[in-house]
Amino acid sequence: MRGTTEDLATGPVDRAFLLLSVPMVLEMVMESVFALVDVIFVSRLGADAIATVGLTESVLTLYQTVPLGLAIGATALIARRVGEKDPERAARTAVQALGLGFALSIPMAILGAVFARPILLALGAAPGVLEHGVSYARLMLGGFPVIMLLFLFSAVLRGSGDATTSMRALWLANSVNIVLAPLFIFGLGPVPALGVLGAAVATTVGRSTGVLYQVYRLLKGNGRLELRRRHLCVEGDTLRSLLKLSGGATLQYLLSMSSWLVLMRIVATFGSAALAGYTLAMRVLLFVQQPSWGLSHAAGTLVGQSLGAGDTDRAERAAWRASFYTLGFLGLVSVGFLAFAQPLIHAFTPDPEVALHATRCLRIVSCSLALYAFVTVLPHAFNGAGDTTTPTLVNLVFSWGLQLPLAWLLAVPLGWGPSGAFAAIAITYGALGLASAALFRRGQWKLRHV
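Residues numbered from 1 in each chain as written. Predicted model: local features only at pLDDT ≥ 70, side-chain atom pairs only at ≥ 80, totals over all residues. Heavy atoms only, no water.

K.L.:
Quick question: what am I supposed to make of the packing of aromatic side chains here?
P.N.:
Under the definition given, this model contains 9 aromatic pairs. Consider the rings of tyrosine 278 and phenylalanine 422, whose centres lie 6.1 Å apart with planes at 5°: the pair is stacked. Of this pair, tyrosine 278 sits in helix α11 (residues 272-308) while phenylalanine 422 sits in helix α16 (residues 418-442), and the two are 144 residues apart along the sequence. There is no split in this pair, since tyrosine 278 and phenylalanine 422 are both buried. A centroid spacing of 4.7 Å and a plane angle of 10° characterise the contact between phenylalanine 440 and tryptophan 445, whose relative ring orientation is stacked. Look at phenylalanine 440 and you get buried, because its relative accessible area is 0%. Assessed through its relative accessible area of 0%, tryptophan 445 is described here as buried. A network of ring pairs unites the aromatic residues Trp320, Phe324, Phe374, Phe382, Phe440 and Trp445 as a single cluster. (Phe/Tyr/Trp six-rings, centres within 6.5 Å; stacked < 30°, edge-to-face > 60°. Helix = DSSP H or I, 4+ residues; strand = E, 2+ residues; numbered from the N terminus. Buried < 20%, exposed > 50% of the residue type's maximum accessible area, 1.4 Å probe, protein only.)

Set out below in structure tokens:
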């Protein structure tokens, strides 16, 4: 929790995994708190307000494929350089990633803010959702450069092995968000009640605070990576390597997240209550999955640093260790959801129809949640090794070739309604997990050079 400068590329896997995974788990939990806090407060405004958050977050999820892809490339390259004991190249790589990401985020933010209304319309927003949603979407999409920098700074820190600073930034950002969200949503004294727009204001201010803290820590130096004026240059070779890795990773996330966008469009045809229930259930699912994402990021960093140090066996042990820890954790979560989904959902919403759909979603998806451990961890291991092709192809086959056709078939022609889409998610989770494990065992990822 205090941070360490210990060499994580050598020594016992369990100790290195513990030093990385604990702060990374806490960081991932804090990242999901942003969305959960918004839903908790916004749910008091009704189903249309919840649907507004859900639709806008689905667009942001699509946007986030770019920083997620860049983050994977940055983490893989920086971890390799750290494993090779080359901190200067690691710092220059960090600057290339941050500069490229910020440049890409500006036009994306402008387009999102300008076309917020037609985007919501295209996603099937009802009139009530449009009333709440346009201003909310404009601010959230217009603030995308802050999200880009928050993701990339965290990736740079994780790749260097400094998970603690990244964790502290998210704690700070969420503390600001938790204080400001009810203030701006419901109003207090001279502060007017902004409704759902207030959630966007609080989230953007909170994330901006986190970014400022990350900048301060990297300029000050963290014992692993220091950014200095001499690193401010354009390196063609590094940018090409970064774009090569990040391009595959971005496509990987784009395929996966765009499929979730289409899935949300299918659910939206059954009304705002179904969409709100799906949004609420997925918020809860994403929140409890965050510890597993922290474990997966730790595995990706260890794989990259171990390969940089020339130890392929250690890299493989780290990936499987993270996978089975995650499987045990998600297995317990699935049992808890099957038993307590109804009272848990009723704690978030008083609307009986929204609660019905959300409860069904939690219970159906929980049936294969444990196998999702391999989907969570092993793609990060592939990416950490510099193999972004394999998880991209897997996402293409299962997200677009299985999940979406199956969701439409079950929900519409077979008449299962929203539950058909939920069943498609559960089936895809299981199939994707087994396929990821089988491909990782082949070991082709060990031959990648970055």
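K.L.:
Sorry, what's going on with helix α2 (residues 47-63) here?
P.N.:
With 17 residues, α2 ought to run about 24 Å at 1.5 Å a step, and its terminal C-alpha atoms sit 24 Å apart, in line with that. Among the 17 residues in α2, 14 count as buried, and that is most of the element. (Expected span 1.5 Å × (residues − 1).)

K.L.:
Looking at this model, I keep getting lost on the nonpolar core. Mind explaining?
P.N.:
The nonpolar side chains of a soluble globular protein tend to be buried, and buried together. In terms of nonpolar packing, the biggest core is built from 118 residues, with Leu55, Phe144, Tyr278, Phe337, Leu362 and Leu369 touching the most fellow members. If sequence neighbours within four positions are ignored, leucine 362 has contacts with Ala281, Val284, Leu285, Phe337, Ala341, Leu344 and Ile345. Listed in part, the 13 residues of the second largest apolar core include Ala315, Trp320, Phe382 and Phe440. (Core = buried A, V, L, I, M, F, W, Y, C linked by side-chain atoms within 4.5 Å. Contact = heavy atoms within 4.5 Å.)

K.L.:
Honestly, a nonpolar patch on the surface in this entry has me stumped. Any pointers?
P.N.:
Where nonpolar side chains cluster on the molecular surface, the patch consists of Phe102, Ile106, Ile110, Leu111, Val114 and Phe115 and spans about 550 Å² of accessible area. Within the fold, leucine 111 resides in helix α4 (residues 87-114). (Patch = residues over 30% accessible without salt bridge, like charges linked within 9 Å, V, L, I, M, F, W, Y side chains within 5 Å. Areas by Shrake-Rupley, 256 points an atom, 1.4 Å probe, with all protein chains shown as cover. Salt bridge = Lys/Arg side-chain N within 4 Å of Asp/Glu carboxyl O.)

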